[in-house]
Amino acid sequence: MKSLLYKFLFVTALFTAVSCEDFETVNSDPNNPKEVPTNMIMAGVQKQIMDNVYDNWFSGRQSLVYSQYWAQRNYTEEDRYQIRESVNNNYFNYLYQSAANLEEIIKLNTDEATAVKMSAYGANANQIAASKILKVWLFQVMTDTWGSIPYTEASKLKEGLYYPKYDDQKEIYTSLIKELTDAANMIDESEPAFVSGDRIYGGDAKKWKRFANSLKCRLAIHVSKVDSNWKTYIAEALASGVFQGNADNAAYQYSSTAPEQCGFYIGYFEDKRNDFTITRPFVDILKGQRDTLNAKSHPWEGVIDPRLPIYTTSRNGAYVGMPYGIPSNTVTSAMRNAAPSWYSTTNHPLCLNADFTVPLMTYAELQFILCEYKGYTAEEYKKGIQASIDYWGTLFGSVPDASGYIDAVSTTVNAETLALQKYIDLYMNGTEAWVEYRRTGYPTQILKPGEISVISGGEEIPFSTLSDTKGDIISRVKYPTNESTLNAQSFTDAVAKLQDGSNNYYSKMFWDVRTTSNPHPANK
């Protein structure tokens, strides 16, 4: 009875207090404020993007396996392109939520009713520019995953656009390049982008501008075989200012303190999922070893890459990768025991550190882009390799002497050697490595469906897919099934434009103009 009395008195007092207040004010949810400071939105959206793009699903079971850096030790279905629809649906939604949050920062800094207040968290124009730049990076990942997607009508629910159209990928790229140009031009380097909340650049507007221009170079090289203006885009970016060294790298550093830890660390050490390991094709590239099973050569055979012990761990004194793309029932204990076991508190690769720094784009990648832009020049090629080794070595805690290695791999600089070095550097950035293979056809060491992955018990076991890929690795991810009901007409219109008019894995991106007769087309 006493308990009931106390409850009655509490409710009565609460009602009395409320009756004297503005109900609209009292009924506001403090956990869902109408207006959030933009620096807090930026802090949240950066982590949201990193947690979703660089995790054990979008990367671990998608882009890192598509680009054949990782293979699964136990359940190999995703390696063979059997994608879980629930995962595909979720990430499509998650990434658009992030894009909407970036749009909110832009809106709050544009709207006269809020712009003055938000200027306390950084110069309005710089906040808008940084948000645009990160949004371009995000949409590049999204369009290069699914192809044509909602863009111009995305993030406009408040305006009544519930069923956004799918923009053609070519038009999206044109818009992204323009957005980067506009963003770079509006930045005032003398003012901060954000006073806090920016874990990529700490609010440094100058570095955001360099990121915009360097990212513009990436998009330009993507379209270099289909857009005659690609060199103009890069020339504009260089004139405006690009990365000058590794200090300008766009990278997000996680923390060793929960809950700010890297998703890969959480997956292995908290969720205790030891599903992945490095692949045999990638380890053989790093070891300078040819693929004898498929008669594939290596451009610098016998030269061991100094990044090998940084990217992976040895097992019983040897570096052996996991066979890629084989059925789960053919994965043997011997294969698992030969490949490095990553679930270890004392011996695990750099990428599993709680405070791992995730690269969005680096100076090394830019140098490789400029090498191709200038006609496969040795200077930029060597700068790219050195920058890559310096970057990864610094994260590792010990930078190896790379002079002998660089000399050994620089006797010939051409499309193949450049693409292979770029592939090595892009490790852990599976989304971009996957783009580069589809764009260039290199490295040739990547296994295609039907090629031999391993010989086990005297039997040749090929890389076998569970989906039709038309003889090559996956070209895109299917549109999520939820879109067929939630945005039915736009979904139907987009699917009709795909090869064979079906929601498939083999319709190429507009910038992928490789053919069977010409798998490595030159730039225009």
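Scroll up to find the structure this text is about.
Residues numbered from 1 in each chain as written. Predicted model: local features only at pLDDT ≥ 70, side-chain atom pairs only at ≥ 80, totals over all residues. Heavy atoms only, no water.

Participant: What is the right way to look at the environment of aspartate 168 in this model?
Facilitator: Relative to the elements of secondary structure, aspartate 168 occurs in the loop between strand 3 (166–167) and helix 8 (169–186). On a C-alpha basis, the gap between aspartate 168 and glycine 147 in space is 7.9 Å, while along the polypeptide they are 21 residues apart. Ignoring anything within four residues of it in the chain, the contact list for aspartate 168 reads Ser148 and Lys497. (Helix = DSSP H or I, 4+ residues; strand = E, 2+ residues; numbered from the N terminus. Contact = heavy atoms within 4.5 Å.)

Participant: Just checking my understanding: could you explain the pattern of salt bridges for this structure?
Facilitator: Two side chains of opposite charge can pair, provided their charged atoms sit close to one another. Counting across every chain of the model gives 27 salt bridges. In this structure, arginine 199 and glutamate 260 form a salt bridge, with 3.1 Å as the shortest nitrogen-oxygen distance. You can see arginine 199 sitting in the loop between helix 8 and helix 9 (205–222) and its partner glutamate 260 sitting in the loop between strand 4 (250–253) and helix 11 (263–270), a full 61 residues away along the chain. The class of glutamate 260 is partly exposed, set by a relative accessible area of 25%. Of the charged contacts, one joins arginine 514 and aspartate 472 as a salt bridge, the two residues approaching to 2.9 Å between their closest N and O atoms. Of this pair, arginine 514 sits in the segment after helix 21 (488–496) while aspartate 472 is found in the loop between strand 8 (459–462) and helix 20 (483–486), placing the two residues 42 residues apart along the sequence. Salt bridges sharing common partners tie together Glu103, Lys132, Lys135 and Glu179. (Salt bridge = Lys/Arg side-chain N within 4 Å of Asp/Glu carboxyl O. Buried < 20%, exposed > 50% of the residue type's maximum accessible area, 1.4 Å probe, protein only.)

Participant: I'm lost on the pairing of strand 7 (residues 452–456) in this one. Help?
Facilitator: Regular strands place their side chains on alternate faces of the sheet. When strand 7 meets strand 8, the two strands line up antiparallel, connected through 4 bridges. For isoleucine 452, the partnering residue across the bridge sits in strand 8 and is proline 462. Taking the residues that link successive antiparallel strands as the turn, the strand 7-strand 8 hairpin has 2 residues, and the phi of glycine 457 there is positive, at about 60°. (Pairing = 2+ DSSP bridges.)

Participant: Just checking my understanding: could you explain the nonpolar core for this structure?
Facilitator: In a soluble, globular protein the nonpolar side chains are often hidden away together inside. Counting 148 residues, the largest nonpolar core has Trp70, Trp137, Trp208, Phe211 and Tyr427 as the members making the most contacts within it. The biggest single contributor to this core is helix 7 (residues 124–146), with 11 residues. (Core = buried A, V, L, I, M, F, W, Y, C linked by side-chain atoms within 4.5 Å.)

Participant: In this structure, what is going on with helix 7? I would like to understand it.
Facilitator: Structural remark: α-helix, 3.6 residues per turn; residues separated by three or four positions point the same way. Taking 1.5 Å of rise per residue, the 23 residues of helix 7 would be expected to cover 33 Å, and the 33 Å separating its terminal C-alpha atoms lies within 8% of that figure. When you tally the buried positions in helix 7, you get 20 out of 23 residues, the bulk of the element. Downstream of helix 7 by a residue or two, glycine 147 has a phi angle that is positive, lying close to 100°. (Expected span 1.5 Å × (residues − 1).)

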